[in-house]
Amino acid sequence: MENSKRWRPVHLPESLTVLLIMLAIMGLGVIKFGLSPQTPVILVIALVILWARIRGAHWDDIHSGIVDGIKTGIIPIFIFLLIGALISVWIAAGIIPSMMVFGFNLISVKWFVPSVFLVCAIIGTSIGSAFTIISTIGIALFGIGTTMGIDPALVAGAIISGAIFGDKTSPLSDSTNLASAIAESDLFSHIRNLMWSTIPAFIVSLILYTVLGTGAATGNNLGKIQTTLTVLNQNFTISWWAALPLIVMFACALLKIPAIPTLLMNIGLAIVMIFIEQPHIALSKIAGMIETGFVAKTGNASVDALLSRGGISAMMGTVSLILLTLSLGGLLMKFNLIQTAMVPLAKRLKGTGATVTAAILAGIGVNIFVGEQYLSVILPGKAFKSTFNQRGLANLALSRVLEDGGTVINYLIPWGVAGAFAANTLGVSTLAYLPFCFFSLLSPIFSIISGFTGVGLKRQTPVTNQSN
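None of the values given here were measured: they were computed from a predicted structure.

> Please explain the overall build of the chain as it appears in this structure.
Across its full length, the chain holds 24 helices and zero strands. Dimensions of the chain, computed from the C-alpha atoms along their principal axes, are close to 70 × 55 × 45 Å. Burial statistics for the chain: of 468 residues in total, 57% are counted as buried. As displayed, the chain offers around 19,100 Å² of accessible surface, 67% of which is attributable to carbon and sulfur atoms. In the chain, 25 side chains carry a positive charge and 16 a negative one; their mean positions are 9 Å apart.

> Looking at this structure, how should I read a nonpolar patch on the surface?
A contiguous nonpolar surface patch, about 470 Å² in accessible area, is contributed by Ile21, Leu43, Leu47, Leu50 and Ile54. The element that contributes the greatest number of residues to the nonpolar patch is helix 2 (residues 38-54), accounting for four residues. On the secondary structure map, Ile21 appears in helix 1 (residues 12-32). Take Ile21: its relative accessible area is 46%, and that puts it in the partly exposed class.

> Can you help me understand the layout of surface pockets in this one?
Counted as a void, the largest pocket has a volume near 780 Å³. Taken together, 39 residues form the lining of the largest pocket, with Gly128, Ser129, Leu172, Asp174 and Ala259 sitting closest to its centre. Taken together, the elements giving at least two residues each to the lining of the largest pocket come down to helix 4 (74-92), helix 7 (130-135), helix 9 (152-169), helix 10 (174-183), helix 13 (244-254), helix 14 (259-277), helix 20 (373-390) and helix 21 (395-407). Looking at the lining of the largest pocket, its residues break down into 24 nonpolar, nine polar and six charged.

> Please clarify how the pattern of salt bridges should be interpreted in this entry.
Between side chains of opposite charge, a pair can form when the charged atoms approach closely. Taken as a whole and judged by the stated rule, the model has four salt bridges. The residue Lys168 makes a salt bridge to Asp404 at a minimum N-O spacing of 2.4 Å. With Lys168 in helix 9 and Asp404 in helix 21, this residue pair connects regions lying 236 residues apart in the sequence. A single burial state applies to Lys168 and to Asp404, both of which are buried. The partner of Glu184 in a salt bridge is Lys385, and the shortest N-O contact between them spans 3.9 Å. Of the two residues, Glu184 is situated in the loop between helix 10 and helix 11 (187-213) and Lys385 in helix 20; the sequence distance between them amounts to 201 residues. Among the residues examined, Lys385 registers a relative accessible area of 18% and is labelled buried.

> I keep staring at helix 20 and nothing clicks. Help me out?
The periodicity of an α-helix, 3.6 residues per turn, causes residues three or four positions apart to be oriented the same way. Between its terminal C-alpha atoms helix 20 stretches 26 Å, which fits the 26 Å expected from 18 residues at 1.5 Å a residue. Listing the buried residues of helix 20 in full gives Gln373, Leu375, Ser376, Val377, Leu379, Pro380, Gly381, Ala383, Phe384, Lys385, Thr387 and Phe388. Positive backbone phi, at 75 degrees, marks Gly392, one or two positions downstream of helix 20.

> In this structure, what is going on with the environment of Ile134? I would like to understand it.
Mapping Ile134 onto the fold places it in helix 7. Overall, the relative accessible area of 0% leaves Ile134 in the buried class. A sequence separation of 66 residues divides Ile134 from Asp68, and the C-alpha atoms of the two residues are 29 Å apart. For Ile134, the residues in contact, after removing those within four places along its chain, are Ile139, Ile159, Ile160, Ala163, Tyr411, Phe421, Ala422, Thr425 and Leu426.

> It is not clear to me how the nonpolar core should be interpreted in this structure. Could you clarify?
Across soluble globular proteins, nonpolar side chains show a tendency to be buried alongside one another. Core analysis: the largest hydrophobic core is formed by 151 residues, its most contacted members being Met22, Trp90, Leu307 and Leu332. Among the elements that take part in this core, helix 4 stands out by supplying twelve residues, more than any other.

> Is there a simple way to explain the packing of helix 10 against helix 21 in this structure?
For any two helices packed against each other, one specifies the crossing angle of their axes together with the interaxial distance. Relative orientation of the contacting elements helix 10 and helix 21 amounts to 140 degrees, with a least axis distance of 8 Å. Viewed along their axes, helix 10 and helix 21 adopt a mutual orientation that is oblique. Judged by the sense of rotation from one axis to the other, the crossing of helix 10 with helix 21 is right-handed. Contacts between helix 10 and helix 21 involve Ser175, Thr176, Ala179, Ser180, Ile182 and Ala183 from the former and Asn395, Leu398, Ser399, Leu402, Glu403 and Thr407 from the latter. In terms of residue class, the contact of helix 10 with helix 21 is built from five nonpolar, six polar and one charged.

Parameters at a glance
- Residues numbered from 1 in each chain as written.
- Predicted model: local features only at pLDDT ≥ 70, side-chain atom pairs only at ≥ 80, totals over all residues.
- Heavy atoms only, no water.
- Helix = DSSP H or I, 4+ residues; strand = E, 2+ residues; numbered from the N terminus.
- Buried < 20%, exposed > 50% of the residue type's maximum accessible area, 1.4 Å probe, protein only.
- Areas by Shrake-Rupley, 256 points an atom, 1.4 Å probe, with all protein chains shown as cover.
- Lys, Arg positive; Asp, Glu negative; His and termini not counted.
- Charge placed at Lys NZ, Arg CZ, Asp CG, Glu CD.
- Patch = residues over 30% accessible without salt bridge, like charges linked within 9 Å, V, L, I, M, F, W, Y side chains within 5 Å.
- Salt bridge = Lys/Arg side-chain N within 4 Å of Asp/Glu carboxyl O.
- 1 Å grid on protein atoms, 1.4 Å probe; cavity = no way out; pocket = protein on both sides within 12 Å on 5 of 7 lines; lining within 4 Å.
- Points joined across faces, edges and corners; volume = space filled by probe spheres on them.
- Nonpolar A, V, L, I, M, F, W, Y, C, P; charged D, E, K, R; others polar.
- Expected span 1.5 Å × (residues − 1).
- Contact = heavy atoms within 4.5 Å.
- Core = buried A, V, L, I, M, F, W, Y, C linked by side-chain atoms within 4.5 Å.
- Axes fitted to C-alpha atoms, helices over the stretch in contact; angles between N-to-C directions.
- Parallel < 35°, antiparallel > 145°, perpendicular 65-115°, else oblique.
- Left-handed = near helix turned anticlockwise from the far one by under 90°.

The structure is reproduced here in structure tokens:
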């Protein structure tokens, strides 16, 4: 910080004190008092700025920290706005209602919850984007589940867990590529090595969803399901034609087309479908849907509540939280609070089990304090790389730990980018679905077990000198 002549290096006790105060404020605000995450985060930002000024930081340093933090989220923010537009036009074009109708007819009522987990996992692996799965297929499956009378938090947990599994195991996933790149490991070797923790977490999650889902939908709701089917058929265009946008999405994934052009193409295709189905619809009405969301007027209160969604404005709450958490993250990085807490810890560790556990806890900690999943991979990756090498652990061991403690946990943080997005999209609070997001909860546990037992823990290959 060139402009801060009075600035002194931050030491570990001070760093931990500031971080723990932050955690207490955000935790009490969201969990104890039930506040929206924005308010506690603003308070924490104000306190961090006050602390920085007292220590001699210049306003230019504070501003640059905020700007640097927000820069990392510009693309995700733009994607979220496009997803808001996509949801509204997909409902208006009958795409999501069609998925609900076909889902009612294809998915077993008895095995609905585990089926949701499997479907989201399989399609998520093909697409490589948990956000896309949650905001498209996830909304349709959520509508089916709530119509059946199943606990919305359980359904949301199954949707999010399946989407995270797909995102984690897909070579098309940004987060998977990032973890591999940070640890300097081969992408496909990284994905294969993930299976040591991912497959056990997947199997246990599937068992839990099967147990909890059995009997969750009762016969009393069959009449409600039939009523919902009738309402959907009467008020929306239900046809197999609605599968076209999904096919386009798969094609874009296979061709490795980035998220922004993929979403724009799908929004454009849905608008064309709306005009085909409703030739006389005013352009201003479609524009209104994109801006403020689709408002269902079927006369059925439950269906209207399920399908009145989307729009750019509906994403602004999530966007505001992302801007705040990224600003906080930028300040923590600028003043070395996170780095100061992690690096000494990494250097003092003894044993592979402790090293793996600490790296996972560091990823969880970054998610809690910063709320940004990419930084939860980048910061622990940089802090622990040398320690993993000193322990004789391969880069693949580090890349797996970064996934298990980083990307999957962000969905469990109310003020996290992914957690806020999922809660806003499905309409279930992060704390409500957290106990049912089994895959995210189990992945770090199995990774820690691997660290202590050595099962599946990749070690460096000894280099032998061969003389000619």
